[in-house]
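Per-entry structural report
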Amino acid sequence: MGRPPRHIPAMAERALLEIDRIFLEPAVAGYARGAEILARFPEAERIEVPSHWNIPSLHGNEGSVEDWVRIKRSTLVLGVKKGLALRPNGRSAHFIAPSISNGCAMACAYCYVPRRKGFSNPISLFVNVEAVGAAITRHAAKQGPLPRPDQVDEAAWVYDLGENGDLSVDAMVCDNVRDLVALFRELPNAKASFATKWVNRDLLDYDPQGRTRIRFSLMPARIARIVDVRTAPIPERIAAIDDFLAAGYEVHVNFSPVILYEGWEADWAELFAEIDDRLSDAAKAQLKCEIIMLTHNAGLHAVNLGWHPKAEALLWRPDIQEAKRSEGGGDNLRYRTGWKGQWLTRFRALLAERLPYCTVRYAF
């Protein structure tokens, strides 16, 4: 395995979001949340589009790295969520809730979302959050109590809210996330859950009362500086765990993605030591994790070569990966069968040695 490349220079010294252009579906302004967001950015250019899924001037762009980051920072898409179905999951959550967003202001090089719409895919927010909340409420009511504890939770049905975006960043734009956290306070048999790579301390005032699980995604800091572009630094994410626990959240961590390279075990051991040093006893007592080995994609590889080729030296490793067709028809690369299991076993052994109190909820 080769050494990881040097990380790219910092590209986002300015604010994470400086919105000056908004694409919006025609119905958006008729929703209270849509009107609120538009009023928040009165100077932004407004461009009406028939659908948030089809914006050729945005999703068809093949620009440079400067275009990629500029779009992430300056562009917002507003739409109305059409499909309100909930899907079973069984790994991180019991169910995937209808998304209240799609895309992200951050730019993780391994993220699968950009390859679906094309190019940098900035934040798309859906303004009919009440409809999403009503769909979740109806679904939870039909479930009744959780019949028995399982790997997802001890007592509640868990709904993942952030499959296609990062809710900590979405919350910088509007109150969709606050509204859903408030909803789950009132659902006696259900919890919300979302993963994040951003530390938004405004969420500390949301009063989740133990009904929302936030999962801070972590990886060795020197690798995050290459592939977790525009995200919160790893030490900042670790430092937030105790604060969010004190604010009433259940706080877990995602070790995700686990990327293999020469020296990966030493880097993870260093990260585990930092976690152990910095967490309180209360945080350790409730700490659980998910372990997700890297899956890459041929289409995303091609996109990344146009804006961040240095990340591909870590992510695209045909020498230790194998092709596997995804359920959605994508050409994915995963670590080779047999070897992946051995590497995962080594990872779990290292975790058990360094953080014996951290329960593994699932590993994939």
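Everything quoted here is computed from the prediction, not taken from an experiment.

A few words now on the packing of helix H5 (residues 129-143) against helix H7 (residues 176-185). Interhelical geometry of H5 versus H7 gives an angle of 25 degrees and a closest axis separation of 10 Å. Viewed along their axes, H5 and H7 adopt a mutual orientation that is roughly parallel. Classified by chirality, the crossing of H7 by H5 is right-handed. Across from Val129, Gly133, Ile136 and Thr137 in H5, the residues of H7 making contact are Asn176, Asp179, Leu180, Leu183 and Phe184. Broken down by class, the residue content of the contact of H5 with H7 amounts to five nonpolar, three polar and one charged.

On the secondary structure map, lysine 72 appears in helix H3 (residues 65-74). Lysine 72 sits 31 residues away from glycine 103 along the chain, and the two C-alpha atoms are 9.1 Å apart. Filtering out sequence-adjacent residues up to four positions away, lysine 72 remains in contact with Leu16, Leu17, Cys104, Ala105, Met106, Ala107, Ser120, Asn121, Pro122 and Arg230. At 2.9 Å, the side chain of lysine 72 and the backbone oxygen of cysteine 104 are in polar contact. A distance of 3.0 Å separates a polar atom in the side chain of lysine 72 from the backbone oxygen of methionine 106.

Here the focus is unusual backbone geometry. In this structure, the amide linkage connecting serine 256 to the following residue, proline 257, adopts the cis form with an omega of -15 degrees. Inspection of the secondary structure assignment puts proline 257 in strand S13 (residues 250-258). The backbone of aspartate 207 sits at a positive phi, close to 55 degrees, despite the residue not being glycine. For aspartate 207, the location among the structural elements is in the loop between strand S10 (190-196) and strand S11 (212-218). Since its relative accessible area comes to 38%, aspartate 207 is described here as partly exposed.

This next bit is on the sheet that holds strand S4 (residues 87-88). With respect to topology, eight strands assemble into an open sheet ordered S4-S5-S9-S10-S11-S13-S14-S18, the strand pairing being mixed. Sheet topology places S4 and strand S18 (359-363) at the edges, where each strand pairs with a single neighbour. Here five bridges tie S10 to S11, and the two strands are oriented parallel to one another. Directly across from alanine 195, in S11, lies its bridge partner arginine 215. On top of the sheet, H5 reaches strand S5 (95-96), strand S9 (157-160) and S10; it is set at about 155 degrees to S9, its chief contact.

With that out of the way, let us pick up the environment of arginine 201. Structurally, arginine 201 can be placed in the loop between S10 and S11. Exposure remark for arginine 201: the relative accessible area of 38% places this residue in the partly exposed category. When sequence neighbours within four positions are dropped, the list of residues in contact with arginine 201 reads Ala239, Ala240 and Asp243. Here aspartate 243 takes part through its side chain, which lies 2.8 Å from a polar atom of the side chain of arginine 201.

All told, the structure shown has 23 salt bridges when counted by the stated rule. In this structure, glutamate 250 engages arginine 213 in a salt bridge whose closest nitrogen and oxygen atoms are separated by 2.8 Å. Of this pair, glutamate 250 sits in strand S13 while arginine 213 sits in strand S11, and the two are 37 residues apart along the sequence. Overlapping salt bridges, with partners in common, bring together Asp153, Lys191, Arg213 and Glu250 in one network.

Our next topic: the environment of glutamine 151. With respect to the helices, strands and loops of the structure, glutamine 151 is situated in the loop between H5 and S9. On the accessibility criterion, glutamine 151 (38% relative accessible area) is partly exposed. Counting along the chain gives 209 residues from glutamine 151 to valine 360, while the straight-line C-alpha distance between them is 8.7 Å. Beyond its immediate sequence surroundings of up to four residues, glutamine 151 is in contact with Gly90, Arg91, Arg361 and Tyr362. Separated by 3.5 Å, the side chain of glutamine 151 and the backbone oxygen of arginine 91 make a polar contact.

Here is what the cut-offs are and how they apply
- Residues numbered from 1 in each chain as written.
- Predicted model: local features only at pLDDT ≥ 70, side-chain atom pairs only at ≥ 80, totals over all residues.
- Heavy atoms only, no water.
- Axes fitted to C-alpha atoms, helices over the stretch in contact; angles between N-to-C directions.
- Helix = DSSP H or I, 4+ residues; strand = E, 2+ residues; numbered from the N terminus.
- Parallel < 35°, antiparallel > 145°, perpendicular 65-115°, else oblique.
- Left-handed = near helix turned anticlockwise from the far one by under 90°.
- Contact = heavy atoms within 4.5 Å.
- Nonpolar A, V, L, I, M, F, W, Y, C, P; charged D, E, K, R; others polar.
- Polar contact = N/O pair within 3.5 Å; in protein donor to acceptor, adjacent residues only side chain to side chain.
- Buried < 20%, exposed > 50% of the residue type's maximum accessible area, 1.4 Å probe, protein only.
- Pairing = 2+ DSSP bridges.
- Salt bridge = Lys/Arg side-chain N within 4 Å of Asp/Glu carboxyl O.

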